[in-house]
Amino acid sequence: MTDAILEIDDLDVYYGKSHALKGVSLSIGEGEIYGVIGPNGAGKTTMLNAIAGFVDYDGTVRYDGTDLAAVRPQRIVRDGLVYCTEDRDLFPYFSVHENLLMGAQFRDDRDGVRADLDMVYELFPRLDERREQEAETMSGGEQQMLAVGRALMSGPDVLMLDEPTLGLAPVIIQDIGAALETLQAQTGLTILLAEQNATFALTHADRLSLIETGEIELSGTHGEFHDNEYVREAYVGVH
Amino acid sequence: MISTILLLGTVCSTVTGRLGRVAGTLRRQVLWPVGRTLERLLAPIDRVLDPVADGYNRSLGPYFGEMSGLQFGVIAVSVAGLLTAGYWAPMVGPLLGGGLLRTLALASIWAIFAMSWDIQSGYTGYISFGHSALSGAAGYTTALLIVHVDPTLSIWVTGSVSVLAALVVGLLIALPTLRLEGPYFSLITFVAVLLFYRLTTAFSSLGGIPGFGQPDVFTWDPMLRYYYMAIPMLLIALALTFMARSNLGMILIAIRENEPAVSAAGLNPTKFKLWSFMLSSVPMGIGGVLLVGFTGNVDPSTFVVVDNSIEMIAIAVIGGMSSILGPLGGAFLFEVLNHQVLHGYSTPVRYLFLWLIVLFVLVFARDGLFRAIWHRLGAVRGESE
């Protein structure tokens, strides 16, 4: 693919002696939703952590043409590659509004920040209703919306989401899925989605990879994954 | 042996159980009715002051924090009280054992220390046990300049060099330690102050245990001395409140709440922790210079001992950490208790009382007395905060 915005080439990560990621390569095009599915412990989070610069790795990660090996994690965020971690990492005693503002702390363009605030509140009306509520007192789904909202406040070009549906009610999962599609359609945001919930990833991703024990077992388009026997039996369940 | 322990355990649990019940009854029968009566009495005042507070909220509120009518009233009365203390304190003083102006001057200096500690430790959650090293650096710089360089140097020269020295020592402590997390940071600040203490006592060129008596006090006039201490204190309070309510303050609290998330939001926490330490070192230095002008003597037990660092923390905790104005109030409460209310007792007995009070505040009003009162004042008419 020539217009790849994020390219991962031969990525290896070791935790002590254990080999967590074994030569993973991916190429994500601008404006697509790319799903990475796989079971617990397969290496999905490790891969995102490596891209964000949180763990050391061998191999190359190229974002928008630059090699990220020498770029500091904070710089990566400012350049538009924003990571929304699995544990959501909210500020528990800050209000919804303050949490969102924290995402935009480093930005100088006041008008852009205001526009993004409106966009986030429109995208997640539940957050709009709860502007003054402390993050800690919100339900899991609302916290997840807030985590995504805060990541959006950093003005991302590429958004990495780790397990956004973890432990959430089906209705909320629908809301989040709808929000992702709106974002892709309206702002052209590129999304890298790591999910155990294969059904969710299959519903929303344009292309996918299946990762098992640190290796990519299968890559393909949404259609190919949908028709694949192994994926259906092992990850989706019989429909 | 085991049965003794079991017996002790049973006794302890019954005692604490009964204590809990007594506390519960106390709360229901005494504190709540008193609180409700107070609320009923204060609500009209709140309503009357509301328009004034609204005017403040519209003009200065965004910079220094919004207040309700009653909160605004309390702040206005406190500031007016501090500014006019030179006139009323000599009249009220004799009722409290005399020397009230001296106590208030000393409290102003400690308020500076406690607020400076607060903007760093209270806000970021990186608790420093070594802040007296910073004021000590300033005090010793002043003394050394006067003794070894030129006894006629003006206070502006010695003062600014001393504040700079506090900043340098602050950087020396902060640069290598702020990358550390959790208790290691606190331990290293603790060791820093111990080192500084031994340094000053070990070398006679640094004054040894008696220290330096050469620096002069600013003035012997109690009223003038009070204003020399109180005015810089109020200015520092204003500046630190402004910083704490700004984006910087928000980031510092965010570091305390969830440091990885600050990184994930594209900010470098170490940079901001360093900022907070520098922001704290400068007023610490100013406080150190004022303390020289108050005591006229620079020695380890006035300036450096680790007890000083702990006292700053105690004052901040009594008042309410991470609020700037809480530690300010805490300093006045602590010093008035120490030198006025308890003045008939010997120093060890006074400190025994004071530490017991600190313990009580920690157990029963963990957020600090003044912070608790502040939130109550903001909510007399039922609104939250």
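Just so it is clear, the model here is predicted, and its values are computed rather than measured. (Residues numbered from 1 in each chain as written. Chains lettered and ligands numbered in written order. Predicted model: local features only at pLDDT ≥ 70, side-chain atom pairs only at ≥ 80, totals over all residues. Heavy atoms only, no water.)

## With respect to the overall build of chain A
A tally of helices and strands in chain A yields 10 helices and 10 strands. Its C-alpha atoms give chain A a radius of gyration of 17 Å, near enough to 18 Å, the size a compact globule of 239 residues would have. In terms of principal-axis extent, the alpha carbons of chain A reach across some 45 × 45 × 35 Å. Looking at chain A as a whole, 52% of its 239 residues qualify as buried. Taking all contacts inside chain A whose residues are at least 6 apart in sequence as the whole, residues at least 24 apart take part in 68%. In chain A, which carries 17 positive and 42 negative side-chain charges, the distance between the mean positions of the two groups comes to 6 Å. (Helix = DSSP H or I, 4+ residues; strand = E, 2+ residues; numbered from the N terminus. Rg over C-alpha atoms; globule rule 2.2 N^0.38 Å. Buried < 20%, exposed > 50% of the residue type's maximum accessible area, 1.4 Å probe, protein only. Contact = heavy atoms within 4.5 Å. Lys, Arg positive; Asp, Glu negative; His and termini not counted. Charge placed at Lys NZ, Arg CZ, Asp CG, Glu CD.)

## A closer look at the confidence of the model for chain B
Looking at chain B as a whole, the pLDDT averages 88, with 96% of positions reaching at least 70. The least confident element of chain B is helix α1 (residues 2–59) of chain B, whose mean pLDDT is 78; the most confident is helix α4 (residues 100–124) of chain B, at 95. (pLDDT = per-residue confidence, 0-100.)

## Remarks on the sheet that holds strand β10 (residues 215–221) of chain A
All names here are of chain A. Strand order in this open sheet of 6 strands is β6-β7-β8-β3-β9-β10, and the pairing throughout is mixed. Each having just a single partner strand, β6 (81–84) and β10 make up the two edges of the open sheet. Here the average twist between neighbouring strands, direction ignored, is 15°. Pairing of strand β3 (residues 33–37) with strand β8 (residues 190–195), which is carried by 5 bridges, proceeds in the parallel orientation. Bridged to I37 within β8 is E195. Where helix α6 (residues 140–153) meets the sheet, its contacts fall on β6 and β7 (158–162), and the angle it forms with β6 comes to roughly 165°. (Pairing = 2+ DSSP bridges. Axes fitted to C-alpha atoms, helices over the stretch in contact; angles between N-to-C directions.)

## Comments concerning helix α3 (residues 69–92) of chain B
All names here are of chain B. Given a rise of 1.5 Å per residue, 24 residues ought to cover 34 Å, yet the end C-alpha atoms of α3 are separated by just 28 Å, more than 12% below that figure. Approximately 75° is the largest bend angle found in α3, and it occurs at A85. Burial in α3 covers these residues: G69, L70, Q71, F72, G73, G81, L82, A85, G86 and A89. (Expected span 1.5 Å × (residues − 1). Bend = angle between axes of the 7 residues up to and from the residue.)

## Overview of α6 of chain A
All names here are of chain A. Helix length check: α6, at 14 residues, gives a terminal C-alpha distance of 20 Å against a target of 20 Å (1.5 Å per residue), a fit within 8%. With 13 of 14 residues buried, α6 lies mostly within the body of the structure. Downstream of α6 by a residue or two, G155 has a phi angle that is positive, lying close to 65°.

## Structural notes on the packing of aromatic side chains
Applying the stated criterion to the full structure yields 16 aromatic pairs over all chains. A centroid spacing of 6.3 Å and a plane angle of 75° characterise the contact between Y140 of chain B and F212 of chain B, whose relative ring orientation is edge-to-face. Here Y140 of chain B, found in helix α5 (residues 132–149), pairs with F212 of chain B, found in the loop between α7 (183–202) and α8 (222–245); they are 72 residues apart in sequence, far enough to count as distant. For F212 of chain B, a relative accessible area of 6% translates into the label buried. Ring geometry for Y226 of chain B and Y227 of chain B: centres 5.0 Å apart, planes at 65°, overall edge-to-face. Like Y226 of chain B, the residue Y227 of chain B is buried in the burial classification. Cation over ring: R131 of chain A sits above Y121 of chain A, and NZ or CZ is 3.8 Å from the ring centre. (Phe/Tyr/Trp six-rings, centres within 6.5 Å; stacked < 30°, edge-to-face > 60°. Lys NZ or Arg CZ within 6 Å of the ring centre and 35° of its normal.)

## A closer look at the sheet that holds strand β4 (residues 58–63) of chain A
All names here are of chain A. If you trace the 4 strands from one edge of the open sheet to the other, you get β2-β1-β4-β5, paired in antiparallel fashion. The sheet is open, and its two edges are formed by β2 (18–29) and β5 (66–67), each paired on a single side. Its contacts with the sheet place helix α1 (residues 44–52) against β1 (4–15), β2 and β4, and it is angled at close to 115° to β1.

## What about the nonpolar core?
Core analysis: the largest hydrophobic core is formed by 129 residues, its most contacted members being L127 of chain A together with Y226 and M233 of chain B. Element by element, the count of residues in this core is highest for α4 of chain B, at 15 residues. (Core = buried A, V, L, I, M, F, W, Y, C linked by side-chain atoms within 4.5 Å.)

## Observations regarding the pattern of salt bridges
All names here are of chain A. One pass over the full model with this rule turns up 11 salt bridges over all chains. For D79, the salt bridge goes to R75, with nearest N and O atoms at 3.4 Å. We classify D79 as partly exposed; its relative accessible area is 36%. When its relative accessible area of 43% is taken as the criterion, R75 is described as partly exposed. With a closest N to O distance of 2.8 Å, D128 and R131 form a salt bridge. Relative accessible area serves as the criterion here: at 31%, R131 is assigned to the partly exposed category. Taken together, the salt bridges that share partners define one network made up of R107, D109 and D116. (Salt bridge = Lys/Arg side-chain N within 4 Å of Asp/Glu carboxyl O.)

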